[in-house]
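Letter by letter, the chains look like this.
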Amino acid sequence: MSTEIHSNSQPWWKTATGYQIYPRSFCDSNSDGIGDLKGIVSKLDHLKDLGIGFVWLSPVYASPMRDNGYDISNYRDIASEFGTLDDFQELIVAAKDRGIRIVMDLVVNHCSDEHEWFRKASASTDCAEHEYFYWRAQNEDGGPPDDQRAEFGGPAWIWVEAVGKYYYGHFGPQQPDLNWQNPELRQEVYDMMNWWLDMGIGGFRMDVIDLIGKDLDARCYAEGPYLHGFIKEMHQNCLAGRDVLTVGETWSARPHTALNYCGADRHELDMVFNFNHVEAAWDPVNGRFGQNCFDLVRHKSILNDWQIALAHDGWNSLYLSNHDLPRPVSTFGDDTTYRKRSAKMLALTMHLMKGTPYVYQGEEIGMTNANFTSLEQFRDIETFGQYREQTEAGVPFDAFLAGANVNGRDNARTPMQWDGSEFAGFSDVTPWIDVNDNAHEINVVMDREDANGVFEFYHRMIQLRKDLPLVTKGSFRLLCPDDPQVFAYLRELDDQQMLVVGNFTSDAAELDAPELSGLSGKVLLSNIEGRMDNLEMPAKLAPYEAFAWLQNPEG
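Starting from 1, residues in each chain are numbered consecutively following that chain's sequence as written. Only residues with pLDDT of at least 70 get local features here, since the model is predicted, and only at 80 or more are side-chain atom pairs given and counted; chain-wide, interface and lining totals rely on the full set of residues. In computing side-chain properties, one takes all heavy atoms of the structure into account and sets aside hydrogens as well as water.

Right, let's talk about the sheet that holds strand 7 (residues 157-160) for a bit. Between any two strands, pairing holds if DSSP finds at least two bridges. Each helix is a run of H or I in the DSSP string that is no shorter than four residues. Each strand is a run of E no shorter than two, and both are numbered from the N terminus. Read from one edge of the open sheet, three strands run 6-8-7, paired in antiparallel fashion. Looking at which strands have only one partner, the edges of the open sheet turn out to be strand 6 (135-136) and strand 7.

Here is the structure:
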């Protein structure tokens, strides 16, 4: 939204908590094994009870679904398996009635090769749509213009005989990149965005938005030279003056470039999703399909850098999970002995920093990774592409399977576990992807019946953010940065001081912050019963213990 219209008050998205829905896996209302819009409507009270302020809805546009909706064939229609435009409008109204806004996923770096634009562009060089894409002639050897590889495997340049040229697909042949250099293409995008905004949506999450300014001749793909000019133009044409949220997916963003996107004087976006803390846990050799290399000291350092960079301008997005990432409790916590406790610890340490937190569906009950046992159980186009690439390079199948079970995208895409029935209450027929084997013991019904469940902890934490201005307005100060077990920080506003502490290990730990010795206060939220208000230093911590403690102003 345009930040200038909130000069005297905080915009709504600073105090709200977001919730990402992956529609295909959320709730199936019509017994076809695929989640849909009516299924989402049927579960809105779950989100209201949780305290959610807005939903980020992964793509529901018309699509051949080769990348589960991130390959769009019609930007102004709904995929038939999800429902209709009437169903979508019903969702907007039903959500609004519960105080929830619907934020759509905007995927405009690329479209589907089945989009009408590309059908025309790949049939003739004489139509206007041909210039909506990147085309290059073959090189002197008769091959592609360069050796760039696609993210999902294979070459990034794809030959089209009908026009005698190659087109560029950064992610793969089914997703040709849109040529943002073309002003007619940009106007098509802006008209489409305004069409949805006028319908009453709450804003956009912008998929890989840092790629739209690319310079292919210079082989500059992310944060290219034209990026911020395009985003500024988008803001001017679609976003200025509207009370909406914009968050950009920016894998290339770093603390020193963050304000280029979301600084108040930039008139571009409200915040970005950065992935620095995510990539830091990846295998340095095999990337996301390698072993988990999470290191708490590095993790804290990265989060601290972002808190400092956006301390007085811009805004942070706070998250550990989304549809592209593994389950946090399996990655950063303990998904067996201390599943509930570590799930709460991860939430508390992330949500009480300065920024807007996002919950990914199932995170609020501590859902875990899928742990598939065969390649046939996977559905993700990236997994299959990487399987071909890595096995051809000599990676043993067992090693690849282990890596996919650590970081593969399907970990987050198994059906939402609503109850302990055969298909977890997601559907009454076999789902499009297997239900996690542990759904009979990890599900919404069971967790919500537990007064100390993960859901109730999230509910209380989300309410705390609403009730305590310190959480959204206070400063951030990292404590004990080199401690390999404990993540601790202070939030401070006027005469208030809040300590947030989390033990990231299955061993007992200690927090030694001498400056807090002798202070009086109270525990606001803890994942272990019996945590005393009296804070003695060094503070002893049980495995995966976490708490938030507020100093009395007179203490």
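A separate point is empty space enclosed by the protein. Points on a 1 Å grid, built from protein atoms alone, make a cavity when a 1.4 Å probe fits but cannot get out and make a pocket when they are open with protein on both sides within 12 Å along at least 5 of 7 lines; residues with an atom within 4 Å of a point are the lining residues. Grid points are joined across faces, edges and corners, and a volume is the space filled by probe spheres set on the points. Applying the stated criterion across every chain yields a total of six cavities of 30 Å³ or more. Quantified by volume, the largest cavity comes out at close to 80 Å³. Those elements that provide at least two residues to the lining of the largest cavity are helix 10 (296-309) and strand 12 (317-318). Broken down by element, the lining of the largest cavity gets its largest block of residues, three residues, from helix 10. Gly is put with the polar residues, along with every residue not named as nonpolar or charged; the nonpolar set is Ala, Val, Leu, Ile, Met, Phe, Trp, Tyr, Cys and Pro, and the charged set is Asp, Glu, Lys and Arg. Residue composition of the lining of the largest cavity, grouped by class: six nonpolar, five polar and no charged.

Moving on to the environment of glutamine 496. By secondary structure assignment, the location of glutamine 496 is in strand 16 (residues 496-503). Glutamine 496 sits 333 residues away from valine 163 along the chain, and the two C-alpha atoms are 66 Å apart. Not counting residues within four places of it along the chain, the set of residues in contact with glutamine 496 comprises Leu468, Leu470, Arg491 and Leu550. Any two residues whose heavy atoms approach within 4.5 Å are treated as being in contact.

The strands making up a sheet associate through backbone hydrogen bonding, with each pair oriented either parallel or antiparallel. Spatially, five strands are ordered 14-15-16-20-18 in an open sheet, and the strand pairing comes out antiparallel. Each edge of the open sheet carries a strand with a single partner, namely strand 14 (475-479) and strand 18 (521-526). Adjacent strand axes in the sheet meet at a mean angle of 20°, parallel and antiparallel pairs treated alike. Bridge count between strand 16 and strand 20 (residues 546-551): five bridges; the pairing is antiparallel. Bridged to leucine 499 within strand 20 is tryptophan 549. Helix axes are fitted to C-alpha atoms over the stretch in contact, other axes to C-alpha atoms as well, and angles between N-to-C directions run from 0 to 180 degrees.

It is the contact of helix 4 (residues 85-97) with helix 6 (residues 183-199), at a shortest axis distance of 11 Å, that shows an interaxial angle of 55°. Classified by the interaxial angle, the pair formed by helix 4 and helix 6 is oblique. Contacts between helix 4 and helix 6 involve Leu85, Phe88, Gln89 and Ile92 from the former and Trp195, Trp196 and Met199 from the latter. Grouping the constituent residues of the contact of helix 4 with helix 6 by class yields six nonpolar, one polar and no charged. Roughly parallel means an angle under 35 degrees; roughly antiparallel means over 145; roughly perpendicular covers 65 to 115; every other angle is labelled oblique.

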